[in-house]
Amino acid sequence: MSDVRDLSALNSSAQELVRLSVGVREKAYCPYSRFKVGAALVCDDGTTFTGVNVENSSYGATICAERSALVAAVTAGHRKFKRICVSAEATSTSGFISPCGVCRQFMSEFGDFDVMLVRPSDKRVLFTSVHRLLPINLDPLQEFLTTGS
């Protein structure tokens, strides 16, 4: 189950993660969609990485903020994560912007961890998890470890 909370009701570490994800959005490179997305990722050891969406005229080469933050963390040697916070403005007042299917699968490669989705304009945060976003993921490594083939 997912739940929605006001930013003011969050503890200071969650508020800081929201601040980072909202702030980094300004660094997004999105000349085609003008849709800025920011992400802040917390590793198991407390290290935090940020990422933004980087668009390309060849749309398939575009990288989302979630994957951008994860790639930075993996490049620095991290493989276990506690939480990711993703911020983007929703076009409706009732919804939240959720990670795309590729990002959901990409995140699931590293297991289940908390996901916070932020609507900066009204300071609302939806709490969920990787496995809630992608309950049946493609996990060939787990299949290999379980069956040996």
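No experiment lies behind these values; they were computed from the predicted model shown.

Peer 1: What should I look at first to understand the side chain of serine 21 in this one?
Peer 2: Here serine 21 shows up in helix α1 (residues 12–24). Only 3.1 Å separates the side chain of serine 21 from the backbone oxygen of valine 18, close enough to count as a polar contact. Setting aside its immediate chain neighbours within four residues, serine 21 contacts Gly38, Ala39, Ala40, Cys85, Val86 and Ser87.

Peer 1: Got a minute to help me understand the packing of aromatic side chains in this structure?
Peer 2: Two aromatic rings are characterised by how far apart their centres lie and by the angle between their planes. With the rule as written, the count across this model stands at four aromatic pairs. For the pair phenylalanine 81 and phenylalanine 113, a centre-to-centre distance of 5.9 Å together with 65 degrees between the ring planes defines the contact as edge-to-face. Taken together, the positions of phenylalanine 81 in strand β4 (residues 81–87) and phenylalanine 113 in the loop between α3 (101–108) and β5 (114–119) put the pair 32 residues apart, joining distant regions of the chain. Both residues of the pair, phenylalanine 81 and phenylalanine 113, belong to the buried class. Members of the aromatic cluster, connected to one another through ring pairs, are Phe81, Phe106, Phe110 and Phe113. Its end group placed over the ring of phenylalanine 127, arginine 5 keeps NZ or CZ at 4.0 Å from the ring centre. Lying across the ring of phenylalanine 96, arginine 119 places its NZ or CZ 4.4 Å from the centre.

The rules behind the values
Residues numbered from 1 in each chain as written. Predicted model: local features only at pLDDT ≥ 70, side-chain atom pairs only at ≥ 80, totals over all residues. Heavy atoms only, no water. Helix = DSSP H or I, 4+ residues; strand = E, 2+ residues; numbered from the N terminus. Polar contact = N/O pair within 3.5 Å; in protein donor to acceptor, adjacent residues only side chain to side chain. Contact = heavy atoms within 4.5 Å. Phe/Tyr/Trp six-rings, centres within 6.5 Å; stacked < 30°, edge-to-face > 60°. Buried < 20%, exposed > 50% of the residue type's maximum accessible area, 1.4 Å probe, protein only. Lys NZ or Arg CZ within 6 Å of the ring centre and 35° of its normal.

Worth remembering: the numbers are spatial, not functional.
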